[in-house]
Amino acid sequence: MAAAASAEECARALTPAGPSNQSSDSSNRRNGEYPSGLVANAEKRLGVEKGDHSVLRAKATTIKEALARWEEKTGQKPSDAKEIKLYAQIPPIEKMDASLSMLANCEKLSLSTNCIEKIANLNGLSNLTMLPLGRNLLKNIYGIEAVGDTLEELWISYNFIEKLKGIHVMKKLKILYMSNNLVKDWAEFVKLAELPCLEDLVFVGNPLEEKHSAENNWIDEATKRVPKLKKLDGTPVIKEDEEEDN
């Protein structure tokens, strides 16, 4: 199977639809596997037997290998590129290794739909403004401080993040997509109020959101604690003074 399908075809087959990390697949890989819908799509595109996931169990792809594939596909040098897409590698990437240090000019680095457990080795990415890391195995955001002075968009939906310790260093972060994680306490959520530029937050699918949405007070309670938000879960936030003006 692996010989019959190129890495490019595998990546394309497993890439979730749409520009963000929000997916229509209700399976959010809580069991540590790829969502069933993505795997089924891969099986269909690659013409393999249903349930034959051997390509997903092979030795992990390294960042160096993924960059080599990307360079071959695009004809660009990674060290010169402003946008690099390493999402949905087959086999998946497990570690953000030191090879990332060569990406000094990169402004957007896509690493979604892999099996990355830790954010690491971002120190050399001094121009990074956008980092999609959705559908991985992240349990925290340690390591993100390396790009705290430049990052404007962080996509970390469909991970296993419960705590937001260290988020305060993201001084330029405007957009945070972190749906379908494990945040359950207001004590963690209020840390987002320390982000001076945060305007757009997607938080649906976290236990905290689910509880308060069931009580019909999620938007009120969330925007009270993070009052600078302009959009929450895709819906514009209307302030009381704006309602009075209208």
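Residues numbered from 1 in each chain as written. Predicted model: local features only at pLDDT ≥ 70, side-chain atom pairs only at ≥ 80, totals over all residues. Heavy atoms only, no water.

Asker: Looking at this structure, I do not really get the overall build of the protein chain. What am I missing?
Answerer: Each helix and strand in the protein chain was counted, giving 7 helices and 8 strands. A total of 246 residues make up the protein chain; the buried ones form 45% of that total. For the protein chain, the share of sequence-separated contacts (at least 6 apart) that also reach a separation of at least 24 residues comes to 49%. For the protein chain, the exposed area adds up to about 12500 Å²; of that, 48% sits on carbon and sulfur atoms. (Helix = DSSP H or I, 4+ residues; strand = E, 2+ residues; numbered from the N terminus. Buried < 20%, exposed > 50% of the residue type's maximum accessible area, 1.4 Å probe, protein only. Contact = heavy atoms within 4.5 Å. Areas by Shrake-Rupley, 256 points an atom, 1.4 Å probe, with all protein chains shown as cover.)

Asker: Would you mind going over the pattern of salt bridges with me for this structure?
Answerer: It is possible for side chains of opposite charge to pair when their charged atoms get near one another. Counting across every chain of the model gives 9 salt bridges. Glu 188 serves as the salt-bridge partner of Lys 191, at 3.0 Å between the closest nitrogen and oxygen. Note on Lys 191: relative accessible area 22%, which makes it partly exposed. Taking the relative accessible area as the measure of exposure, Glu 188 reaches 8% and is therefore buried. Three or more residues are tied together by salt bridges with common partners; here these are Glu 83, Lys 85 and Lys 108. (Salt bridge = Lys/Arg side-chain N within 4 Å of Asp/Glu carboxyl O.)

Asker: Which parts of the structure should I look at to understand the nonpolar core?
Answerer: It is characteristic of soluble globular proteins that their nonpolar side chains tend to be buried jointly. The biggest cluster of nonpolar side chains holds 50 residues, and the ones touching the most others in it are Leu 86, Leu 109, Leu 111, Leu 131, Ile 144, Phe 189 and Leu 192. The element best represented in this core is helix α3 (residues 63-74), accounting for 4 residues. Other than its neighbours up to four places away in sequence, Phe 189 contacts Leu 201, Phe 203, Leu 208, Trp 218, Ala 222, Arg 225 and Val 226. (Core = buried A, V, L, I, M, F, W, Y, C linked by side-chain atoms within 4.5 Å.)

Asker: I keep staring at the packing of aromatic side chains and nothing clicks. Help me out?
Answerer: Ring pairs (aromatic) are described by centroid distance and by the angle formed between their planes. Taken as a whole, this structure holds 6 aromatic pairs when the rule is applied. Look at Trp 186 and Phe 189: their rings are 5.3 Å apart centre to centre, the planes differ by 85 degrees, and that puts the pair in the edge-to-face class. Residue Trp 186 and its partner Phe 189 are located together in helix α4 (residues 186-189), separated by 3 residues, close to a single helical turn. Note on Phe 203 and Trp 218: the rings are 5.7 Å apart at their centroids and 15 degrees apart in plane angle, and the pair reads as stacked. Of the two residues, Phe 203 is situated in the loop between β6 (200-202) and α5 (207-214) and Trp 218 in helix α6 (residues 218-225); the sequence distance between them amounts to 15 residues. A residue is classified by how much of its surface remains accessible, and Trp 218, at 4% relative accessible area, is buried. Positioned over the ring face of Trp 186 is Arg 225, at 3.9 Å from the centre of the ring. (Phe/Tyr/Trp six-rings, centres within 6.5 Å; stacked < 30°, edge-to-face > 60°. Lys NZ or Arg CZ within 6 Å of the ring centre and 35° of its normal.)

Asker: Looking at this structure, how should I read α6?
Answerer: Each turn of an α-helix holds 3.6 residues, which means side chains three or four residues apart point in the same direction. Trp 218, Glu 221, Ala 222 and Thr 223 are the residues of α6 that are buried. Among the structural elements, α4, α5 and β7 (231-232) are those in contact with the buried residues of α6.

Asker: So what exactly am I meant to see when it comes to α3 here?
Answerer: With 12 residues, α3 should cover 16 Å at 1.5 Å per step; its first-to-last C-alpha distance of 16 Å lies within 8% of that length. Of the residues making up α3, those classed as buried are Ile 63, Ala 66, Leu 67 and Trp 70. Along the long axis of α3, the arc covered by the buried residues comes to 100 degrees, so they all point the same way. Of the exposed residues in α3, the ones pointing more than 90 degrees away from its buried face are Lys 64 and Glu 72. In the core, the buried residues of α3 are packed alongside β1 (83-85). Positive phi shows up at Gly 75, right after α3, with a value of about 80 degrees. (Expected span 1.5 Å × (residues − 1). Arc of directions from axis to C-beta.)

Asker: I'm lost on the side chain of Ser 112 in this one. Help?
Answerer: For Ser 112, the position within the fold is in the loop between β2 (108-110) and β3 (130-132). Look at Ser 112 and you get buried, because its relative accessible area is 9%. Within the structure, Ser 112 has its side chain in polar contact with the backbone nitrogen of Gly 134 (distance 3.2 Å). (Polar contact = N/O pair within 3.5 Å; in protein donor to acceptor, adjacent residues only side chain to side chain.)

Asker: Would you mind going over the side chain of Ser 179 with me for this structure?
Answerer: Tracing the backbone shows Ser 179 in the loop between β5 (175-177) and α4. Taking the relative accessible area as the measure of exposure, Ser 179 reaches 0% and is therefore buried. Only 3.1 Å separates the side chain of Ser 179 from the side chain of Asn 180, close enough to count as a polar contact.

Geometric values such as these leave the question of function open.
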